[in-house]
Amino acid sequence: MQQSVEALVRVLETYRGRDKIIRTVCYGSQMVGGVLSRKAESDISSQRLGKSLLLFSAQLSQCRTVLRLFDDLSMLAYSHGYGFGGTEEDSGVRWISVLTNLADQLYYPCEHIAWAADAELIKVKSDKWWLLSTVLWGTSLLLGILRSLRVLLLLKKKLKKQERDGRGSSHSQLRRQMQGELLSVLGSMADLSNAVHWMPPGFLWAGRFPNWLVGLMGTVSSLVGLIQMSGSSDQTDST
């Protein structure tokens, strides 16, 4: 029990870890709140709790939006460090990653403008800026899925080559990498389903998700992120 609490504290002490916890609680609250708010009218207490959880989820979402006001420089530093991906062996992975970084970099100022417009700090309509930020987020997610699928294909080829050569020492490492990429695909697809939901009506299933389904998709992607972060920290501790 004590080790679990200490692990949670270590996660909360970092910005990325705290954001993932807030994100998980945010979507989890939306999922549970969405389920409870759909209860029969006779169950008033459950409906009230559901509405409270939905309001709590909305506040946490707003909290994350405000915190992302300070993410531009870190994203710019990452994009600058990656550059044109000169260290990548595969050109497909390299250019997909470059485009992903570009979409992510453009996402932040668009969201900032939308937030500032809603907060009445600037006199522009926020609708088009929220739409543009959603399109950029969806583009980044789609590119991330394509990148993971490409990496999976390359890892599978490498695994088969090692099996033919009789070198089985790094099989476990390759399989762990493949599992990580599969998790990335799962998380990105869950987020992409929500991104489509937040597009204008008439686009695929835009606007058709109930609150509990939006919360479920977000919770799945959030848990994937926590699992990946836990796995990376375990590898760091073992080195």
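Just above sits the structure.
Described in the following lines is the structure provided in the data block. (Residues numbered from 1 in each chain as written. Predicted model: local features only at pLDDT ≥ 70, side-chain atom pairs only at ≥ 80, totals over all residues. Heavy atoms only, no water.)

**Brief notes about the overall build of the chain**
- Looking only at helices and strands, the chain features 8 helices and 0 strands.
- Along its sequence from the N terminus, the chain presents helices and strands in the succession α-α-α-α-α-α-α-α.
- For the chain, the C-alpha atoms occupy an extent of roughly 65 × 45 × 35 Å along the three principal directions.
- When contacts within the chain are restricted to residue pairs at least 6 apart in sequence, long-range pairs at least 24 apart make up 62% of them.
- Separation of charge centres in the chain, based on 27 positive and 21 negative side chains, amounts to 6 Å. (Helix = DSSP H or I, 4+ residues; strand = E, 2+ residues; numbered from the N terminus. Contact = heavy atoms within 4.5 Å. Lys, Arg positive; Asp, Glu negative; His and termini not counted. Charge placed at Lys NZ, Arg CZ, Asp CG, Glu CD.)

**Observations regarding the nonpolar core**
- Ranked by size, the top nonpolar core spans 7 residues in total: V93, V151, L152, L155, L159, L174 and M178.
- When contributions to this core are tallied by element, the ones reaching two or more residues are α6 (127–165) and α7 (171–197).
- Among the elements that make up this core, the one with the highest residue count is α6 (4 residues).
- Every residue in contact with V93, bar those within four places of it in the chain, is listed here: Y82, E88, R147, R150, V151 and L154. (Core = buried A, V, L, I, M, F, W, Y, C linked by side-chain atoms within 4.5 Å. Buried < 20%, exposed > 50% of the residue type's maximum accessible area, 1.4 Å probe, protein only.)

**Description of the packing of helix α4 (residues 72–82) against helix α5 (residues 91–118)**
- α5 packs onto α4 with a crossing angle of 160 degrees between their chain directions and a minimal axis gap of 10 Å. Here α4 lies roughly antiparallel to α5, going by the angle between them. Handedness of the crossing formed by α4 with α5: left-handed. Of the residues in α5, those in contact with D72, M75, L76, Y78, S79 and Y82 of α4 are V93, R94, S97, V98, N101, D104, Q105, Y108, P109 and H112. (Axes fitted to C-alpha atoms, helices over the stretch in contact; angles between N-to-C directions. Parallel < 35°, antiparallel > 145°, perpendicular 65-115°, else oblique. Left-handed = near helix turned anticlockwise from the far one by under 90°.)

**A few points about the packing of aromatic side chains**
- Scanning all chains against the criterion turns up 4 aromatic pairs.
- With 5.5 Å between their ring centres and 75 degrees between their planes, Y107 and Y108 make a pair best called edge-to-face. As far as the burial class goes, Y107 and Y108 line up, both buried. (Phe/Tyr/Trp six-rings, centres within 6.5 Å; stacked < 30°, edge-to-face > 60°.)

**Comments concerning the environment of S140**
- Relative to the assigned elements, S140 resides in helix α6.
- Spatially, the C-alpha atom of S140 lies 18 Å from that of K128, the residues being 12 residues apart in sequence.
- When sequence neighbours within four positions are dropped, the list of residues in contact with S140 reads T100, A103 and D104.

**A word on unusual backbone geometry**
- Here the phi dihedral of E120 falls at roughly 60 degrees; this positive angle occurs in a residue that is not glycine.
- With a relative accessible area of 70%, E120 lands in the exposed category.

**Some words on the packing of helix α2 (residues 15–37) against helix α3 (residues 44–67)**
- For the pair α2 and α3, the least separation of the axes is 7 Å and the interaxial angle reads 155 degrees. Accordingly, the angle class assigned to the pair α2 and α3 is roughly antiparallel. Crossing of α2 over α3 shows left-handed handedness.
- Looking at side-chain class alone, the contact of α2 with α3 contains 13 nonpolar, 10 polar and 3 charged residues. (Nonpolar A, V, L, I, M, F, W, Y, C, P; charged D, E, K, R; others polar.)

**Observations regarding the environment of Q59**
- As for its position among the elements, Q59 is in helix α3.
- A relative accessible area of 57% means that Q59 is categorised as exposed.
- Placed 33 residues apart in sequence, Q59 and C26 show a C-alpha to C-alpha distance of 8.4 Å.

**Some points on the side chain of S221**
- Along the chain, S221 falls in helix α8 (residues 211–238).
- Within polar-contact distance, the side chain of S221 engages the side chain of D191 at 2.8 Å.
- Residues within four places of S221 in sequence aside, it is in contact with R23, G187, A190 and D191. (Polar contact = N/O pair within 3.5 Å; in protein donor to acceptor, adjacent residues only side chain to side chain.)

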